[in-house]
Amino acid sequence: MIFHRIIKNDLSLLKTYNNKAGINSFFVLYFVGCREQFKKSLRFSAILTLILILLYFFSPVNGYTILLSLSNICLAVSPAILGFTLAGYSIIINVADKEILALLKRTKLKNDISMYQRLYTTFVAMLLSMFCTLLIGSVTKLLISLNLGCTCTCEFFIIIIDIVNGIWFALETFLLLYSIFSVKDLISNLYSLGQVSKNK
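Computed from a predicted structure; not experimentally measured.

A. Structural view of the packing of aromatic side chains. Counted according to the given criterion, the structure contains four aromatic pairs. Ring geometry for Tyr56 and Phe57: centres 5.1 Å apart, planes at 85°, overall edge-to-face. When its relative accessible area of 9% is taken as the criterion, Tyr56 is described as buried. Note on Phe57: relative accessible area 48%, which makes it partly exposed. Ring centres of Tyr56 and Phe169 lie 4.6 Å apart, and the angle between their planes is 15°; this geometry places the pair in the stacked category. Of this pair, Tyr56 sits in helix α4 (residues 35-58) while Phe169 sits in helix α8 (residues 155-181); the two residues are 113 residues apart in sequence, bridging distant segments of the chain. Phe169 shares its class with Tyr56; the two are buried. A network of ring pairs unites the aromatic residues Tyr56, Phe57 and Phe169 as a single cluster.

Here it is in structure tokens:
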């Protein structure tokens, strides 16, 4: 299985999928070729998510109210990040001349992927994370607006609902934070482009 090899960081996958199209190629390039950038965003997002989960369970505020506030933040922040991302990428593509783009494609980084591959791979990863954030935020807000309240007073059922809300909160929080932290990859790539342009 390809995902098992990705988790094990099998570098031989890069030789197989380096010049291929498709979702499997993206997964290999991002999770293996751009592993350092992925791990940094994952680490920061996971730590902050754990902290916010603790605050969530100790908060006296109703879980639905917290989820509604979080979904509002997702729906407000994600479009702004998306606009920033698209603007940054368009600057990279439009400002860079053919000579610079050719140099980006020739410049090899760690794990033998080109700077150009890292540029568009991290860009696609940011778009995917923001798409998931917008989707989860929209679904959460819709479900809460349906007001699907339950009059059941069974203590076990209430505990299950609280756990489900907590898991949903963790998922939504992680996606939002990952989208935010992935912006640093775009900033890093913009800086790299500047350095390559300077030294061409």
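B. Layout of a nonpolar patch on the surface. There is a patch of nonpolar side chains on the surface, built from Phe131, Leu135, Val139, Leu142, Leu143 and Leu146 and spanning about 550 Å² of accessible area. Inspection of the secondary structure puts Leu143 in helix α7 (residues 115-145).

C. Focus on α7. If you check α7, its first and last C-alpha atoms are 45 Å apart, about what 31 residues at 1.5 Å a residue would give, namely 45 Å. Positioned one or two residues after α7, Asn147 has a phi angle of 55°, which is positive.

D. Molecular detail of the nonpolar core. Counting nine residues, the largest nonpolar core is built from Ile53, Tyr56, Ile66, Leu67, Leu70, Cys74, Phe169, Ala170 and Leu176. Those elements giving two or more residues to this core turn out to be α4, α5 (63-95) and α8. The biggest single contributor to this core is α5, with four residues. If sequence neighbours within four positions are ignored, Ala170 has contacts with Thr49 and Ile53. Among the nonpolar cores identified, the runner-up in size contains eight residues, and Phe26, Tyr30, Phe38 and Ile113 belong to it.

Cut-offs used in this document
Residues numbered from 1 in each chain as written. Predicted model: local features only at pLDDT ≥ 70, side-chain atom pairs only at ≥ 80, totals over all residues. Heavy atoms only, no water. Phe/Tyr/Trp six-rings, centres within 6.5 Å; stacked < 30°, edge-to-face > 60°. Buried < 20%, exposed > 50% of the residue type's maximum accessible area, 1.4 Å probe, protein only. Helix = DSSP H or I, 4+ residues; strand = E, 2+ residues; numbered from the N terminus. Patch = residues over 30% accessible without salt bridge, like charges linked within 9 Å, V, L, I, M, F, W, Y side chains within 5 Å. Areas by Shrake-Rupley, 256 points an atom, 1.4 Å probe, with all protein chains shown as cover. Salt bridge = Lys/Arg side-chain N within 4 Å of Asp/Glu carboxyl O. Expected span 1.5 Å × (residues − 1). Core = buried A, V, L, I, M, F, W, Y, C linked by side-chain atoms within 4.5 Å. Contact = heavy atoms within 4.5 Å.

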